[in-house]
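# Summary of structural features
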Amino acid sequence: MLAAATAYFGSRALIAVALTTVSTVVAYTLFACVLATLRGRRTRFISPYAIWIGMLLGLGMPVAENLALPIIAGLLLGAVAHVVGRSHRVRVHPVALMLVILFLAPNLLPDSPSRVSLSRAITQTVPAVLGPGRLFIGDVNDAPDQLNTEPWLSHHDADHDALRRTDPQLVILDERQAILSRPDRLRYLLSSGMLVRFEELAIGAAPGPVGATSPVLIILLGLYLMYLRLASWRSAVLAFAAALAVALLWPVQPNGGAWQPTALALVQLGPAGAVTFVSYLLFASPLCFIVFLLAPSVDPMSRRGRTVYALLNGGLVVAALLIFAAPEAAFIAPVLTGLISRPLDALHKSPFVS
Amino acid sequence: MAKLRGGMDFRSGTAVTLPPPPDRAAGDTLRITCPGPPTPAEGRPIAAGDRLYTADHEHAPHLTCPIAATVDALIPWPGADDPRVDVVLTPTVEAVAGALALDPPSKTDPDAWREALRDTGPWPQPRLGPDLVTQLRRGRDRPLDRLICVGLDNFPPYPDRSSIIKSFLDDVILGTQILGQIAEARRAYLIIDPKIATAGRLRPICRSLGVRLRTTPNVYPCADPTMLIHQHGGGRRKLPHGADPTTVGVALVTPWTAARIARWLTRGKLDLLQPVLLAWPSPGRVLTPLFAFPGQPLAMLDPALAGRADELANRAVFGDPMTGHAPDAPIRRGQRLPPTLPHGQHLISVLPAAGRAPVAPCISCGWCVDVCPTRLRPIHLVQRLERQADDPDARRHLDYCIDCGLCSHVCPSSIPIAQTLRELRSVSGELRTVNDEVKRAE
Ligand code: SF4
Ligand code: SF4
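If you're wondering where the values come from, they're calculated on a predicted model, not measured in any experiment.

## Comments concerning the overall build of chain A
In terms of helices and strands, chain A carries 16 helices and four strands. For chain A, the proportion of its 354 residues judged to be buried stands at 54%. If you sum the accessible surface of chain A, you get close to 15,500 Å²; carbon and sulfur atoms cover 67% of it. Charge centroids of chain A, computed over 25 positive and 18 negative side chains, lie 20 Å from each other.

In structure tokens, the structure reads:
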């Protein structure tokens, strides 16, 4: 993931991830020392857990114009990880909580100049990706002002390292109503290059969280975690099934008419259009990142609990995306399900004890 | 169960063919542990078959002397409340018989059998509950519904019981039938792994002798009494860990007990040597099957087992590498003696040299929950009992922790969950009594 981040977003992404990781480790270690002193115990100097969550947060954020973002995020994460997480009473993934706090909280504040400036200062991101000839070595900030609509692979621009592209997550959420109302809208978005091609989305050549733009890469990493028994394939399948079910059943009003499930509205797009729309909705979102990387480390201990947790997680990710029409809103789902992860452990009962 | 961390999948291994018990064995000095003060005095001669220890309880088995010898020394175990005494027997001949020439009781007289079994004790049933004599006696007070000969291995992949079935096939089935009659159980069962090579041959013999054959995949810890009775108890019977199976109407016996009974009846000789498997950690040398007298020094079984009990503590265990216990011995002249083979101990595991990973906080991965055979939540149980040791609900759950050690084995944070539960269990007086009884029987 770090290699993919550096490939598509250059050294700026690498620096951002490194800054997030270092500040997480520093804050985590400082808090650990304070807590250990208060409790009179010894502590480990550098925790591999802090390194892992710091990297995960760095990889889960888009490239910010302001490098204060990774530092603030890392410092906050280092502190938050002592209160929530897999080993704590509140089993909310600290990275999910940080992403919600950083990206969603300012947007949920009532409109005010301070909200706008806070949001801008912290979360201003670069909607660009390096061109195929400038991978690893280019500067992602060196992008032209106009939007690029050509296929990424055939792009060649000797003057700029990067190309400005639309974020497929935002496009699909913004255009959802229009796509479901007008059958030709999806075709137009794809043919005009307003929506990046699916193969480009699959390999990650699109703006978004630096290390998590490629669902293929995340799925491969998820499979490796399953091989190590750190994640469960059942939970992943259930989460995707629930996400699909919610995406298809979500009520929509095509053309401002009667409410109907999305599945019915999709009929007019034809099978290929329907599959394309649902694929963009699910794979352009942080669903894979949440299901494969965040959820397994804070899921309930029992199989029954994991089933409920996975279903809720998948369903809530899509519900949050559709309600708030913002990709970061997806992280509300692991935060909410994390709150009930521990109570869900109680679903595990021994047949020996009646 | 999927392959677990540590490289073991705890599935059945390949049964080995044991050599036939030798008729005569070298006359080595034996040191036999008696549960209380021995019958013979120091310096006295004793004949093979004489009583070495007389049980004070009328239902408990006595202890028979296996060889003609002189009682060289009586060594009490340390500790004011430990009644055990080791008897050192120096044989009077160079070669001793491996079996005792003794007429078996009539096949149809359960009372005569019970008495004969008591006289020829101790008949331990390692890891299956109290000894045979105690189970049969309790079965008289509370009629037994079924007698089960457990052919499943204690610790797959080490084939301790399946090797005995493979080597003494007919004897095990005949012995199970006889034991069913002695116990006056309504049905006698033999439970084996379906993959055991001899399963096809077993079926017709079992049918002809009226022994019911049941198969169950031999995956650790399926041979534990709590698990067995849950699966083969024929209903809603539940047996807490370490409790006597006769309390739920079931007697459990090992294949070696059944084979010994049948061989006694058919040959007129009672085997005194017991089969032992030495399990090695190296892939090239996995098992060494042999026969040995109880009380024989471990060094006589293999030179790798030479040393005092405290020196061997990290090198070998009685039982399996996960739940076995370190060899122990009394102290003489300020030093622990070398350990000897206990009655009924069929497996000795030589341990690999491995360090313990440092303990880290629980990461709630749930592996311990997934792996727990009785479907407890091990780490939650530890946390609840550490908060409140007498929490009645947690205690009820603790009764069904079968001390299999799997939770500790899989824990990525190296938390000694099973060991902690074992310690917490010993706080409960009631369970300690039952456990001690089982341990004594082992
Ligand atoms: S030792 Fe652990 S895994 Fe085994 S029964 Fe007890 S709690 Fe469950
Ligand atoms: S296996 Fe260890 S780390 Fe995982 S839940 Fe159990 S105790 Fe915690």
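Next comes the rest of the write-up.
## Structural notes on empty space enclosed by the protein
All names here are of chain B. Enumeration over the complete set of coordinates arrives at 10 cavities of 30 Å³ or more. As a volume, the largest cavity reaches approximately 230 Å³. Around the largest cavity, the lining comprises 21 residues; the ones closest to its centre are Arg260, Leu272, Gln274, Pro294 and His343. At the level of secondary structure, the elements contributing two or more residues to the lining of the largest cavity comprise helix H7 (255-267) and strand E14 (269-271). A total of three residues in the lining of the largest cavity trace back to one element, the largest contributor, which is H7. Of the residues belonging to the lining of the largest cavity, the class tally is 10 nonpolar, nine polar and two charged.

## Details of the confidence of the model for chain A
Residue and element names in this part refer to chain A. Overall, the prediction assigns chain A a mean pLDDT of 86, with 92% of residues at 70 or greater. The lowest-confidence element of chain A is helix H5 (residues 113-123), averaging 49 in pLDDT; the highest-confidence one is helix H11 (residues 233-249), averaging 96. Contacts from residues 115-121, a stretch scored under 50 in pLDDT, to residues over four places away or in other chains number 10 contacts.

## Here we look at the domain arrangement of chain A
All names here are of chain A. With domains assigned, chain A is organised as domain 1 (2-123) and domain 2 (169-347). Taken over C-alpha atoms, the centre of domain 1 sits 24 Å from the centre of domain 2. Taken together, the contacts link 30 residues of domain 1 with 32 residues of domain 2. Roughly 2,400 Å² is buried in total at the junction of domain 1 and domain 2, and carbon and sulfur atoms are behind 72% of that figure. The interface formed by domain 1 and domain 2 holds one salt bridge in total. Between Asp345 and Arg91 there is a salt bridge, with the nearest N and O atoms lying 2.6 Å from each other.

## As for the site of ligand 2
Of all residues adjacent to ligand 2, which total 14 residues, the nearest are Cys362, Cys365, Gly366, Cys368 and Cys411 of chain B. Each of chains A and B places residues next to ligand 2. Residues of the shell around ligand 2, tallied by class, amount to 11 nonpolar, three polar and no charged.

## Section: the nonpolar core
Counting 94 residues, the largest nonpolar core has Phe277, Phe289 and Phe292 of chain A as its most contacted members. In terms of residue count, the dominant contributor to this core is helix H14 (residues 287-298) of chain A (eight residues). Shared between two domains, this core holds at least three residues of each, these being domain 1 (2-123) and domain 2 (169-347) of chain A. Not counting residues within four places of it along the chain, the set of residues in contact with Phe292 of chain A comprises Ile218, Ile219, Gly222, Leu225, Met226, Ala236 and Phe240 of chain A. Ranked by size, the runner-up nonpolar core spans 79 residues in total, among them Leu18, Cys149, Val172 and Tyr220 of chain B.

## Side note on the packing of H14 of chain A against helix H15 (residues 303-324) of chain A
Two quantities define a packed helix pair, namely the angle between the axes and the distance from one axis to the other. All names here are of chain A. Where H14 contacts H15, the axes come no closer than 11 Å and their chain directions differ by 145 degrees. For the pair H14 and H15, the crossing hand works out as right-handed. Across the interface between the two elements, Leu287, Ile290, Ala295 and Val298 from H14 touch Tyr309, Asn313, Gly314 and Val317 from H15. Taken together, the residues that form the contact of H14 with H15 break down as six nonpolar, two polar and no charged.

## Thoughts on the packing of aromatic side chains
All names here are of chain A. Enumeration according to the criterion identifies 15 aromatic pairs over all chains in this entry. Ring centres of Tyr28 and Tyr49 lie 6.3 Å apart, and the angle between their planes is 70 degrees; this geometry places the pair in the edge-to-face category. Residue Tyr28 is located in helix H1 (residues 2-39), and its partner Tyr49 is located in helix H2 (residues 48-59); the two are separated by 21 residues in the primary sequence. We classify Tyr28 as buried; its relative accessible area is 15%. A centroid spacing of 5.9 Å and a plane angle of 25 degrees characterise the contact between Phe240 and Phe283, whose relative ring orientation is stacked. Of this pair, Phe240 sits in helix H11 while Phe283 sits in helix H13 (residues 270-283), and the two are 43 residues apart along the sequence. What makes Phe283 partly exposed here is its relative accessible area of 25%.

## Focus: a nonpolar patch on the surface
Residue and element names in this part refer to chain A. A cluster of nonpolar side chains, contributed by Val22, Val26, Leu30, Phe31, Ile71 and Leu75, occupies part of the molecular surface with about 510 Å² of accessible area. Elements with a contribution of two residues or more to the nonpolar patch: H1 and helix H3 (68-80). In terms of residue count, H1 provides more of the nonpolar patch than any other element does, four residues in total. With respect to the helices and strands, the residue Val22 is situated in helix H1.

## Re the side chain of Arg263 of chain B
All names here are of chain B. As for its position among the elements, Arg263 is in helix H7. Side chain to side chain, Arg263 and Asp271 meet in a polar contact 2.6 Å long. In contact with Arg263, other than residues within four places in its own chain, are Pro21, Phe168, Asp171, Gly268, Lys269 and Asp271.

## Digging into the sheet that holds strand E7 (residues 85-91) of chain B
All names here are of chain B. Spatially, the four strands line up as an open sheet ordered E2-E7-E6-E3, and their pairing is antiparallel. Of all the strands in the sheet, just strand E2 (30-34) and strand E3 (45-46) have a single pairing partner and so form its edges. In this structure, E2 lies alongside E7, joined through five bridges in antiparallel fashion. Considered in E7, the bridge of Ile32 is made with Val87.

## A few points about the packing of helix H4 (residues 169-182) of chain B against H7 of chain B
Residues and elements named next belong to chain B. The interhelical angle for the contact between H4 and H7, taken along N-to-C directions, is 90 degrees, at an axis separation of 7 Å. Classed by the angle they form, the pair H4 and H7 counts as roughly perpendicular. Judged by residue contacts, Asp171, Val172, Leu174, Gly175, Thr176, Ile178 and Leu179 of H4 engage Pro255, Thr257, Ala258, Ala259, Ile261, Ala262, Arg263, Leu265 and Thr266 from H7. Classifying every residue of the contact of H4 with H7 gives 10 nonpolar, four polar and two charged.

Basis of the calculations
Residues numbered from 1 in each chain as written. Chains lettered and ligands numbered in written order. Predicted model: local features only at pLDDT ≥ 70, side-chain atom pairs only at ≥ 80, totals over all residues. Heavy atoms only, no water. Helix = DSSP H or I, 4+ residues; strand = E, 2+ residues; numbered from the N terminus. Buried < 20%, exposed > 50% of the residue type's maximum accessible area, 1.4 Å probe, protein only. Areas by Shrake-Rupley, 256 points an atom, 1.4 Å probe, with all protein chains shown as cover. Lys, Arg positive; Asp, Glu negative; His and termini not counted. Charge placed at Lys NZ, Arg CZ, Asp CG, Glu CD. 1 Å grid on protein atoms, 1.4 Å probe; cavity = no way out; pocket = protein on both sides within 12 Å on 5 of 7 lines; lining within 4 Å. Points joined across faces, edges and corners; volume = space filled by probe spheres on them. Nonpolar A, V, L, I, M, F, W, Y, C, P; charged D, E, K, R; others polar. pLDDT = per-residue confidence, 0-100. Contact = heavy atoms within 4.5 Å. Domains from an automatic or database assignment. Buried area = accessible area lost by both parts, 1.4 Å probe. Salt bridge = Lys/Arg side-chain N within 4 Å of Asp/Glu carboxyl O. Near = heavy atom within 4 Å. Core = buried A, V, L, I, M, F, W, Y, C linked by side-chain atoms within 4.5 Å. Axes fitted to C-alpha atoms, helices over the stretch in contact; angles between N-to-C directions. Left-handed = near helix turned anticlockwise from the far one by under 90°. Phe/Tyr/Trp six-rings, centres within 6.5 Å; stacked < 30°, edge-to-face > 60°. Patch = residues over 30% accessible without salt bridge, like charges linked within 9 Å, V, L, I, M, F, W, Y side chains within 5 Å. Polar contact = N/O pair within 3.5 Å; in protein donor to acceptor, adjacent residues only side chain to side chain. Pairing = 2+ DSSP bridges. Parallel < 35°, antiparallel > 145°, perpendicular 65-115°, else oblique.

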